Amino acid sequence: MSEPAELYDAILTGNAKKAEEITKAALEAKADPSQLVQKYMIPAMDEVGRRFECNEYFVPELLIAARAMKTAMELITPHLAAAGTEPTGRVIIGTVQGDLHDIGKNLVASMLEGGGFQVVDLGVDVPAEKFVEAIKEEKKGAILGLSALLTTTMTMMKNVISALEQAGVRQKAKVMVGGAPITQQYADEIGADGYSDNASGAVAVARKLIASID
Ligand code: B12
């Protein structure tokens, strides 16, 4: 019988089948889904990043680790979503143009759903205009969640905010930003309305922002 702690190794070594087995068993044994994410899965991806940085891992290892993470997340996400709660508000989320990283964004989306938000996920490599169109379609205002994992793509966040301004819909969107290279200072610099460096913090920020939408 696999222990939940083995999920860390399954993701680190990119063993999707094992990650699936352990996650299924842990959920059946009523393990806390958010604990599985916080205690084993995110630390495993952090270690993958560390190994990549010191040339112990290369892109293929990143890909198979990401696949194992995704497999486990797909099983966990339905358990994070709170059943039967009134929607707290709407969040449109996506990874900015040029950036294909979506594990953190997906995690934030799942936690927001778990926190009662309706989430519209625009996916990865999303051009600024697509975010603007999505905001235009909102009857009332909404939160816009932008994710970026690369120092070369984080500048796109500023472009999205400028595009919202140019389209005259900046006041309809509360912009929340995040991703490994993003800091509170950067969020302030580009005029974002909120920032968090983790998924549960993102829910707290979203709750605050939604209260300020009129
Ligand atoms: C997995 C991974 C990949 C996978 C992505 C698979 C996928 N489907 O996402 C693949 C293999 C595709 C990949 C590709 C590349 N990658 Co990569 N990748 C990673 C890695 C190892 C982990 C990222 C991850 O999933 N972390 C786990 C999640 C849970 O954490 P997170 O994303 O940070 O999200 C959390 C918070 O940031 C926050 N958050 C995230 N989004 C949002 C949004 C909002 C609104 C809020 C509030 C919060 C929030 O909450 C999340 C949950 O806690 C990182 C290393 C690292 N430590 O970050 C490198 C890393 C990001 N990659 C890097 C690089 C260089 C690349 C490539 C350029 C490599 C190459 N030579 O091809 C390509 C770029 C492709 C592209 N155009 O996007 C560098 C970036 C360096 C830099 N300074 O820009 C990193 C940092 C690795 C390194 N140390 O060098 N990568």
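By convention here, each chain's residues receive numbers from 1 onward along its written sequence. With the structure being a predicted model, the display of local features is reserved for residues of pLDDT at least 70 and the display and counting of side-chain atom pairs for 80 or more, all residues being used for whole-chain, interface and lining totals. For side-chain calculations, the full set of non-hydrogen atoms in the structure is used, while hydrogens and water are omitted.

1. Focus on the packing of helix 6 (residues 128-137) against helix 7 (residues 156-166)
Definition in use: Fitted lines through C-alpha atoms serve as axes, helices being fitted only where they are in contact, and the angles separating the N-to-C directions of these axes extend from 0 to 180 degrees. Here a strand is any run of E in DSSP of at least two residues, a helix any run of H or I of at least four, and the numbering for each starts at the N terminus. Any angle that is under 35 degrees is reported as roughly parallel, and any over 145 degrees as roughly antiparallel; angles of 65 to 115 degrees are reported as roughly perpendicular and all others as oblique. By the definition used in this description, the sense in which the near helix is turned from the far one sets the handedness, with an anticlockwise turn below a right angle giving left-handed and a clockwise turn giving right-handed. By definition in these notes, contact holds between two residues if any of their heavy atoms fall within 4.5 Å. Side-chain classes follow a simple rule in which Ala, Val, Leu, Ile, Met, Phe, Trp, Tyr, Cys and Pro form the nonpolar group, Asp, Glu, Lys and Arg form the charged group, and the remainder, Gly included, forms the polar group.
Contact geometry for helix 6 and helix 7: axes closest at 9 Å, N-to-C directions at 45 degrees. With respect to their mutual orientation, helix 6 and helix 7 come out oblique. Handedness of the helix 6/helix 7 crossing: right-handed. Together, A128, F131, V132 and I135 of helix 6 and N159, V160, A163 and L164 of helix 7 make up the contact between the two elements. Tallied by class, the residues present in the contact of helix 6 with helix 7 amount to seven nonpolar, one polar and no charged.

2. Some details on the coordination of the cobalt atom of the ligand
Tetrahedral coordination by four donors sets the ideal angle at the metal to 109.5 degrees; octahedral coordination by six donors sets it to 90 or 180 degrees. Applied cut-off: The donor definition counts N, O and S atoms within 2.8 Å of each metal and applies 3.2 Å to Na, K and Ca; water is not among these atoms, so some sites may look incomplete.
You will see that the cobalt atom of the ligand has only one donor from the protein, H101 (NE2), lying 2.3 Å away. As for its placement among the helices and strands, H101 is situated in the loop between strand 1 (90-95) and helix 5 (103-114).

3. Description of a nonpolar patch on the surface
Threshold: Patch membership needs two things, relative accessible area over 30% and no salt bridge, and members are linked within 9 Å if like-charged or within 5 Å if nonpolar (Val, Leu, Ile, Met, Phe, Trp, Tyr). Where accessible areas are quoted, they stem from the Shrake-Rupley method and a 1.4 Å probe; at the residue level, only the protein chains shown are allowed to cover. Within this document, salt bridges are pairs made up of a side-chain nitrogen of Lys or Arg and a carboxyl oxygen of Asp or Glu, the two lying within 4 Å of each other.
On the surface, F52, V59 and L63 cluster together into a nonpolar patch covering about 290 Å² of accessible area. For L63, the location among the structural elements is in helix 4 (residues 59-80).

4. Section: the sheet that holds strand 5 (residues 194-195)
Convention followed: Pairing between two strands is assigned when DSSP locates at least 2 bridges connecting them.
Taking strand neighbours across the sheet as the criterion, the five strands line up as 2-1-3-4-5 in an open arrangement whose pairing is parallel. The two strands at the open ends of the sheet, each matched to only one other strand, are strand 2 (118-121) and strand 5. By the bridge criterion, four bridges tie strand 1 to strand 2 in an arrangement that is parallel. Bridged to R90 within strand 2 is Q118. Together, strand 1, strand 3 (142-147), strand 4 (173-178) and strand 5 form the strand contacts of helix 9 (residues 199-211), whose direction differs from that of strand 4 by roughly 165 degrees.

5. Here's the deal with helix 6
The condition is simple: Buried residues are those whose accessible area, probed at 1.4 Å on protein chains only, stays under 20% of the maximum for their type, while exposed residues exceed 50% and partly exposed ones sit between those limits. Here, the arc refers to the directions that run from the helix axis to the C-beta atoms.
When helix 6 is considered as a whole, its buried residues turn out to be A128, F131, V132, A134 and I135. Relative to the axis of helix 6, the buried residues are bounded by an arc of 160 degrees and lie together on one face. Relative to its buried face, helix 6 has exposed residues pointing more than 90 degrees away, namely E129 and E137. Tucked inside the fold, the buried residues of helix 6 contact strand 1, strand 3, helix 7 and strand 4.

6. Examining the domain arrangement of the protein chain
Under the convention used in this document: Each domain's extent was defined by an automatic or database domain assignment. Summed over both partners, the accessible area (1.4 Å probe) lost when two parts come together is defined as the buried area. Polar contacts, as used here, are pairs of N or O atoms within 3.5 Å; protein pairs need one atom able to donate a hydrogen and one able to accept it. Residues neighboring in sequence count only if both atoms are side-chain atoms.
Structurally, the protein chain comprises domain 1 (6-80) and domain 2 (90-211). Counting residues at the interface gives 10 residues for domain 1 and nine residues for domain 2. Around 750 Å² of area is buried between domain 1 and domain 2 when both sides are counted, 73% of it from carbon and sulfur atoms. Counting every contact that joins domain 1 to domain 2 gives one salt bridge. Among the salt bridges present, the one from K70 reaches D102, with a minimum N-O distance of 3.1 Å. One can count two residue pairs in polar contact (both at pLDDT 80 or more) joining domain 1 with domain 2.

7. Focus on the pattern of salt bridges
If you walk through the whole model with that rule in mind, you get 10 salt bridges. One salt bridge in this structure joins E138 and R90, with 2.8 Å as the shortest N-O distance. You can see E138 sitting in the loop between helix 6 and strand 3 and its partner R90 sitting in strand 1, a full 48 residues away along the chain. On the basis of relative accessible area, E138 is assigned to the buried category, the value being 9%. A salt bridge links R170 to D193, with the shortest nitrogen-to-oxygen separation between them at 3.0 Å. On the criterion of sequence distance, the pair formed by R170 in the loop between helix 7 and strand 4 and D193 in the loop between helix 8 (184-189) and strand 5 is long-range, its members being 23 residues apart. When its relative accessible area of 16% is taken as the criterion, R170 is described as buried.

8. So, the side chain of T153
Tracing the backbone shows T153 in the loop between strand 3 and helix 7. By relative accessible area, T153 is classed as buried at 5%. Here the side chain of T153 touches D99 through a polar contact of 2.7 Å, side chain to side chain. If we skip the residues at most four places from it in the chain, T153 touches V96, Q97, G98, D99 and A148.

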